[in-house]
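# Structural features, examined
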Amino acid sequence: EDTKQDKTNVSSSIKVDKKAIKQKQLAILKEHEQEIVDFVKAQNPKVESVQIDWDQTQWSDGGLTTPEYYINVFGGINHIDDSGWGIDIPINDDQSINLREMFMLHEPTIGGKPIS
C-alpha cells in the first residue's frame, strides 16, 4: 500500500510539472507572437494579417521515426473565417523553444485551398 501511494504522488507531481512547463512555453510563444506573425506573412505576399488561435495550440512528438517534440500553433489570415495555417516549433531537450527552427506544418489556405 505504501508503494502504491508513492507512485500516485509521483505521477500527479509529474502531471503538474508538465502542465507548468506547457504554460511557461505558451507564455514565451505569446511574447514572441510577432516572430510567428512575420513568419506566416513571409509564406505568401497575399497574407496581410495573421491571427493566432492560442486555444488550438497543441504539444506533440514526431512519432517513432522522428522523436523530436513540437508545439503546433494554428491560426487564420486576413480575418477570413475559413482560412488557416499551421506551424511546428521544436522543443529542445531542456524544454526551451527553438523559434529559429519553426517550419510550416501547412501553408496558409482559404477554404482549404492554397492561396493563389
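For the structure itself, look to the data block above.
Every chain is numbered independently, its residues counted from 1 as its sequence is written. Whole-chain, interface and lining totals are the exception, using all residues; otherwise, since this is a predicted model, local features are given only for residues with pLDDT of at least 70 and side-chain atom pairs are given and counted only at 80 or more. In computing side-chain properties, one takes all heavy atoms of the structure into account and sets aside hydrogens as well as water.

### A few points about the overall build of the protein
For the record, the criterion: Helix and strand assignments come from DSSP, with helices taken as H or I runs of at least 4 residues and strands as E runs of at least 2, each series counted from the N terminus. A 1.4 Å probe rolled over the protein chains alone gives each residue an accessible area, and that area as a share of the maximum for its type sets the label: buried under 20%, exposed over 50%, partly exposed in between. For accessible areas, the Shrake-Rupley method is used with a probe of radius 1.4 Å. Any residue's cover is judged against the shown protein chains and nothing else.
Scanning the protein from N- to C-terminus turns up two helices and six strands. When the elements of the protein are put in sequence order from the N terminus, they spell out α-α-β-β-β-β-β-β. Of all 116 residues assigned to the protein, the portion counted as buried reaches 32%. With the model as given, the accessible surface of the protein reaches about 8,000 Å², and the carbon-plus-sulfur share is 50%.

### So, the pairing of strand E4 (residues 83-91)
Going by this rule: Two strands qualify as a pair provided that DSSP identifies no fewer than 2 bridges between them.
For E4, the buried fraction is high: nine of the nine residues fall into the buried class. Going residue by residue along E4, you find Ser 83, Trp 85, Ile 87, Ile 89 and Ile 91 tucked away on one face and Gly 84, Gly 86, Asp 88 and Pro 90 tucked away on the opposite face as well. With seven bridges joining them, strand E3 (residues 69-77) and E4 adopt antiparallel strand pairing. Bridge pairing links Val 73 to Ile 87 in E4. In this antiparallel pair of consecutive strands, E3 and E4, the connection spans five residues, and Asn 78 shows a positive phi of 50°. Bridge analysis of E4 against strand E5 (residues 103-110) gives five bridges, and the strand direction is antiparallel. For Ser 83, the partnering residue across the bridge sits in E5 and is Ile 110.

### Looking at the packing of aromatic side chains
Aromatic ring pairs: the centre-centre distance and the angle between the two ring planes describe each pair. As a reminder, the rule being used: Aromatic rings from Phe, Tyr and Trp, with only the six-membered ring used for Trp, were paired whenever their centres fell within 6.5 Å, and each pair was classed as stacked if the ring planes differed by under 30 degrees, edge-to-face if by over 60, and tilted otherwise.
Enumeration according to the criterion identifies one aromatic pair in this entry. Taking 5.7 Å as the distance between ring centres and 90° as the angle between the ring planes, the aromatic pair formed by Tyr 70 and Phe 103 counts as edge-to-face. With Tyr 70 in strand E3 and Phe 103 in strand E5, this pair connects stretches of sequence that are 33 residues apart. With relative accessibility at 33%, the residue Phe 103 sits in the partly exposed group.

### Structural notes on the side chain of Thr 109
Spelled out, the test is: Only heavy atoms enter the contact rule, under which two residues are in contact if any of them lie within 4.5 Å.
Considering the arrangement of structural elements, one finds Thr 109 in strand E5. Sequence-distant contacts of Thr 109, defined by excluding residues within four places in its chain, comprise Ile 77, Asp 82, Ser 83, Gly 84, Pro 114 and Ile 115.

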